[in-house]
Amino acid sequence: MKKMLVASASIVGLMALHGSASRADEALDRLAKDPKQWVMQQGDDANTRYSKLNQINTSNVKKLQVAWTFSTGVLRGHEGGPLVVGDLMYVHTPFPNTVYALDLNHEGKIIWKYEPRQDPNVIPIMCCDTVNRGVAYADGKIFLHQADTTLVALDAKTGEKIWSVMDGEAGKGQSGTDAPFVFKDKVLVGVSGGEFGVRGWISAYNIKDGKLAWRGYSEGPDSDTLIDPEKTTSLGKPVGPNSSTSTWEGDQWKIGGGATWGWYSYDPELNLVYYGSGNPSTWNPVQRPGDNRWSMSVWARDLDTGKVKWVYQMTPHDEWDYDGVNEMILTDQNVDGKQRKLLTHFDRNGFGYTLDRVTGELLVAQKYDPVVNWATKVDMDKSSKTYGRPLVVDAYSTQHNGEDTNSKGICPAALGTKDEQPAAYSPETQLFYVPTNHVCMDYEPYKVSYTAGQAYVGAAVAMYPPKGDTNMGNFIAWDGKTGKIAWSNKEQFSAWGGALATAGGVVFYGTLEGYLKAVDAKTGKELYRFKTPSGIIGNVMTYEHGGKQYVAVLSGVGGWAGIGLAAGLLQPQNAAAWHNAVDQGKLPTQEKTVDTAGLGAVGGYAGLASYTSLGGTLTVFALPNE
Amino acid sequence: MTIKHWKFALVVLASVSASFISASSVALADGADDPAVASSENGKYADKDGNPTYKISPDGTVDWYTFSGFRRYHSDCHVCHGPNGEGSTYAPALAESLKTLTYPDFVSVVTNGRNHVDAANDKVMPSFATNVNVMCYIDDIYVYLRARANNAIPGGRPPAHEDKPEAAKQAETSCTGIK
């Protein structure tokens, strides 16, 4: 009894200490639970991108119409999506990172507009277009993570700057592309620049005043990574001292990559933040012997302190640029008769992982595209020396084949089986809805030198669709408990738009040609499509206003998809031309067979430029008035 | 380190003075329109004006520098300018640009960068002056793109190439510092 009294007294004390902070958080939680609003990029802390709205359903979605549109005034690639908080919608743009507040009560009238002044020299250090993945909301503030790594808090009602802080140094190749995430009393941001020798980190700032609460690096000594050698575990075992630096040669970890530009999730009961770290740098694996921890890893950090509870490296010593930054989707599902707290992640490396998010135990690791060939499987035998590691196939190992050797026919390509485009999860079907890439590559690593602020890549990459296929993407439904594909729809181009699942039984996503598509969550049957003004790499969201459900998406082609696909990155005609026009069939057989890996698709498609052009536009859909 | 910077200083100076020359004689495009091989030295080919050019043998074998340029381009340039010099949603197709861009102008833009930022544009080409992965291979990248601009080779990886000349190995070591 005495003990209980002490305990409750200390809880009261804690509440008093953190009183204002937890109030802000509770307010945000309440908003997030209201399906009429869309107050965070991923819909909820768990990153499910699921909405309880059901006015639009499988039987009426075919009647969907465009309700209104809005031009962002910016041409480059538009990732992320708008937020709806109360009667206002917040729309962001790529560089120059303009933010608009639109009044939903007055036909989208612009209430305020914020356009930061940034040094345009940040533009060329953004490897794959000047994308930005959206703003965050909490505590009456809009948080914007600018290209130059400035994190700024704006008054949500007026757009006035409340505080701002510079998180990194653009002069060193560090840039901001990821959305800020607000959990409890903190706002979290990561860093981009894996192709510029940046050592990745994640920063947590207090939402009140912009003061840095903690920063945890992806690589370096334990004091930098916030790893506790005894308490931090990987696959159930303590990681031991200097678990990162001991897996690098010399000082390479200082320019070791591990960028953190994906989507973050949070479990309030465990107080843990989940995210992934990206590729080690350079792309030439021979220049960085060792496992290169903790690049390519799933992280679970305590929100208050940043301390690492557990970490799991999916792709030790990456040889293909399989960034591990994709989102971690948190679900509670019944596995073998037991309700478990799960984390599901669709990695660039082509494996769909399900882990126990409390302990980091690996439960499922299966290929979510059958063409994935760089590894036979992930070793699930707990007694094996290679437990939890992918079993790499020598023929596709750019390390094994060495520098100056062109390793061919590797699937997936560096784009990954999925890139940043987030998946969705419906608790009704218990399926994940995953927009994927269906692309393979040749990869030739060679030596490069590091210069601060300059590209640091070290591999030539050529991409094409898998042999015999004409589609470069799939939209799939995935069972995370068993690691099996439930259904799969072919997409002509990579499916690079984030998915939305709804209680109406409809799943939405956008395509690179610019279609917003609606499919049946159970079967994948297409129910509706509409071609928006430009290719979609943004994420679909939904909200309700004035008793009506709306579905909205940003179009505006670009991003990594826009680099290659727009120009016809994947045109196998090139390989054909080498054979027909130049080599006249005289080349050695080996060269010939592999260079024609993409020939199966000749004539099956043309460059994306034939389908769409640039331009940022928000398109909002609704059912017609009866 | 000092050697590297000294070399770069030379490149920058050379390109600046060269662009003055080309600016004053626009009509006489600096060999950009005639890529025929006029001379060669240690496996490196030049046109009648002494500008670097490519050599494609009838069996499709390309000279070392065209091949090397293909690789370097697809590491440091293609992330903006697209594969095979075909452009992206936000950077020009160099296989087109090099139909009119002269060798000195090419070197000048790569070295000094170029900005086009206004209400409708946010295009910035960075300066690569300090990037050894680009500057030590500037001629390689140029001849590769020149070959693309003249439709001398298709996109994709050249399937066969001449051996790496000893001179290329030595220049690489002294320029990059990598052995």
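Predicted model, so just to flag it, every value in this text is computed and none were measured.

Description of the overall build of chain A
Regarding its fold elements, chain A presents 7 helices and 40 strands. Looking at the 626 residues of chain A, the share that counts as buried comes to 60%.

Here we look at the overall build of chain B
From N to C terminus, chain B includes 7 helices and 5 strands. Reading the secondary structure of chain B in the N-to-C direction produces α-β-β-β-α-α-α-β-β-α-α-α. Taking all 179 residues of chain B together, the buried fraction comes to 49%.

A look at the nonpolar core
Residues Tyr274 and Val507 of chain A are the most contacted members of the largest nonpolar core, which totals 208 residues. Aside from chain neighbours lying at most four places away, what touches Tyr274 of chain A is Tyr264, Ser265, Val298, Trp299, Ala300, Met328, Leu330, Leu343 and Arg357 of chain A.

Some thoughts on the interface of chain A and chain B
If you look at the interface, chain A gives 50 residues, while chain B gives 36 residues. Of all the elements in the fold, those that place two or more residues in the side of chain A that touches chain B are β30 (440-445), β31 (459-464), α5 (559-564), α6 (573-583) and α7 (589-595) of chain A. Per-class residue counts for the side of chain A that touches chain B are 27 nonpolar, 13 polar and 10 charged.

Notes on the pairing of strand β5 (residues 99-103) of chain A
Residue and element names in this part refer to chain A. Most of β5 sits out of view: 4 of its 5 residues are buried. Where strand β4 (residues 88-92) meets β5, 5 bridges bridge the pair, whose relative direction is antiparallel. Each residue of the ladder has a partner; that of Met89, found in β5, is Leu102. Hairpin connection of β4 to β5: 6 residues between the antiparallel strands, including Asn97 at a positive phi of 65 degrees. Inspection of the sheet shows β5 paired to strand β6 (residues 109-114) by 5 bridges, in the antiparallel sense. Counted as the bridge partner of Asp103 is Lys109 from β6.

Topic: the sheet that holds strand β28 (residues 424-426) of chain A
All names here are of chain A. Pairing within the open sheet is antiparallel, and its 4 strands lie in the order β28-β29-β32-β33. Each having just a single partner strand, β28 and β33 (484-491) make up the two edges of the open sheet. Strand-to-strand twist of the sheet, defined as the mean angle between neighbouring strand axes without regard to direction, takes the value 20 degrees. As judged from the 3 bridges shared by β28 and strand β29 (residues 431-437), these two strands associate in the antiparallel manner. Considered in β29, the bridge of Tyr425 is made with Phe432.

Section: the packing of helix α2 (residues 64-81) of chain B against helix α6 (residues 138-149) of chain B
All names here are of chain B. Running from amino to carboxyl end, α2 crosses α6 at an angle of 100 degrees, the nearest separation of the two axes being 7 Å. For the element pair α2 / α6, the angle class is roughly perpendicular. In this structure, α2 uses Tyr65, Thr66, Ser68, Gly69, Phe70, Arg72, Tyr73 and Cys77 to contact α6, whose residues at the interface are Asp139, Asp140, Ile141, Tyr142, Val143, Tyr144, Leu145 and Ala147. A class-by-class count of the residues in the contact of α2 with α6 yields 10 nonpolar, 3 polar and 3 charged.

Section: unusual backbone geometry
Residue and element names in this part refer to chain A. Cis peptide bonds are those with omega within 30 degrees of zero, and the linkage from Phe95 to Pro96 qualifies with 15 degrees. Positionally, Pro96 belongs in the loop between β4 and β5. Following Cys411, the chain continues to Pro412 via a peptide bond in cis, the omega torsion being 0 degrees. Residue Asp336 is not a glycine yet carries a positive backbone phi of 50 degrees. By the element assignment, Asp336 lies in the loop between β21 (328-335) and β22 (338-346).

Remarks on the sheet that holds β30 of chain A
Pairing between the strands of a sheet is mediated by backbone hydrogen bonds and can be parallel or antiparallel. Taken in spatial order, the 3 strands make up an open sheet running β27-β30-β31 (chain A), and their pairing is antiparallel. Only two strands of the sheet have a single neighbouring strand rather than two, namely β27 (407-410) and β31 of chain A. Across the sheet, the mean angle separating the axes of adjacent strands is 15 degrees when strand polarity is ignored. Pairing of β30 of chain A with β31 of chain A involves 6 bridges; the strand directions are antiparallel. Within the sheet, the bridge partner assigned to Asp442 of chain A lies in β31 of chain A and is Ala462 of chain A. Relative to the sheet, α2 of chain B contacts β30 and β31 of chain A, its axis offset from that of β31 of chain A by approximately 85 degrees.

Scoring rules and cut-offs
Residues numbered from 1 in each chain as written. Chains lettered and ligands numbered in written order. Predicted model: local features only at pLDDT ≥ 70, side-chain atom pairs only at ≥ 80, totals over all residues. Helix = DSSP H or I, 4+ residues; strand = E, 2+ residues; numbered from the N terminus. Buried ≥ 20, exposed ≤ 12 C-beta atoms within 10 Å, placed from the backbone. Core = buried A, V, L, I, M, F, W, Y, C linked by C-beta atoms within 7 Å. Contact = placed C-beta atoms within 7 Å. Nonpolar A, V, L, I, M, F, W, Y, C, P; charged D, E, K, R; others polar. Pairing = 2+ DSSP bridges. Axes fitted to C-alpha atoms, helices over the stretch in contact; angles between N-to-C directions. Parallel < 35°, antiparallel > 145°, perpendicular 65-115°, else oblique.

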